[in-house]
Amino acid sequence: MDPLSLTTLLTAAAMAGWVDAVVGGGGLLLLPALLVAAPGVPVATALGTNKLAAIAGTSTAAVTYARRTKIDWAVAGPSAGLAVLCAGLGAALAGAVPAGAYRPVVLVVLVSVALFVVFRPRLGVVAQPDRRTRARVVAAVALAGVGIALYDGLIGPGTGTFLVLAFTALVGADFLHGSAMAKVVNAGTNLGALVVFAATGHVWWLLGAAMAVCNVAGAALGARMALRRGAGFVRVVLLVVVLALVAKLGYDQWLAG
């Protein structure tokens, strides 16, 4: 890999770490950068190498959040445990699902998410602890630890964003604490998928390690910015990331190739 491509890729890794730490969606930056920087790389290898970088960043962000804010471990803990298994299953099945099958569904979900956040301006800005019932906790664990984790193993981009919204909408967390819980679960999904990709030889370890260092730096900065600026800042970044995901998937669906 030439120096310019490597520099571009490491810069993308740092930016992805920042985005992931604030609200998720760093894969939107890092995966395309990896595919461009290494033409001809198998998609599974790109996914596996991305997971190596991502697990370093999400783990760093999770530790940063845990040290400086309260995490609802009754929700995040079981979700993360299930996520390791379900993301691994998703990674094992990754080659069996054509991209064209999931893009329309994800697009509809993302557009709905954007509209929901725009027209519910108080969502996630202030915590709503009265929403945290036993049934909603079970639903949040199932959605995050099973449904979203499977998606992360199969596809990936936007996982952290979906997790933040799940915890905000279902158990009434504000965006800051929802993001903190999301980092814990996202570390689990990255671990489960990475184990499978590594077992099948789909990880470039040296490149992934270099990307991981940059991802950690970006994640540490992003987590500190989110903690300092609060839920309103996270809400704005979330909307930007969702719209970027919609644009990327829409381009892939209707304009690419």
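In case you missed it, the structure is sitting above this.
Now for a look at the structure at hand. (Residues numbered from 1 in each chain as written. Predicted model: local features only at pLDDT ≥ 70, side-chain atom pairs only at ≥ 80, totals over all residues. Heavy atoms only, no water.)

1. Overview of empty space enclosed by the protein
If a probe the size of a water molecule is rolled over the atoms, the empty space left behind becomes visible.
Turning to step 1, where the next piece is worked out: According to the stated counting rule, one finds one cavity of 30 Å³ or more in the structure shown.
Turning to step 2, where the next piece is worked out: Put simply, the largest cavity is a space of about 160 Å³.
Turning to step 3, where the next piece is worked out: Every residue lining the largest cavity is counted, 21 residues in all, and those nearest its centre are D20, G27, N50, K51 and G156.
Turning to step 4, where the next piece is worked out: Every element with two or more residues in the lining of the largest cavity is listed here: α1 (3-22), α2 (27-37), α3 (43-68), α7 (159-171) and α8 (175-199).
Turning to step 5, where the next piece is worked out: Per-class residue counts for the lining of the largest cavity are six nonpolar, 12 polar and three charged. (1 Å grid on protein atoms, 1.4 Å probe; cavity = no way out; pocket = protein on both sides within 12 Å on 5 of 7 lines; lining within 4 Å. Points joined across faces, edges and corners; volume = space filled by probe spheres on them. Helix = DSSP H or I, 4+ residues; strand = E, 2+ residues; numbered from the N terminus. Nonpolar A, V, L, I, M, F, W, Y, C, P; charged D, E, K, R; others polar.)

2. Observations regarding the pattern of salt bridges
Turning to step 1, where the next piece is worked out: What the rule picks out here adds up to two salt bridges.
Turning to step 2, where the next piece is worked out: A salt bridge links K51 to D152; its shortest N-O distance comes to 2.7 Å. Here K51 is found in helix α3, whereas its partner D152 is found in helix α6 (residues 134-154), with 101 residues between them in sequence. With respect to burial, K51 and D152 carry one shared label: buried.
Turning to step 3, where the next piece is worked out: Of the charged contacts, one joins D72 and R132 as a salt bridge, the two residues approaching to 2.6 Å between their closest N and O atoms. Residue D72 is located in the loop between α3 and α4 (73-92), and its partner R132 is located in the loop between α5 (99-119) and α6; the two are separated by 60 residues in the primary sequence. (Salt bridge = Lys/Arg side-chain N within 4 Å of Asp/Glu carboxyl O. Buried < 20%, exposed > 50% of the residue type's maximum accessible area, 1.4 Å probe, protein only.)

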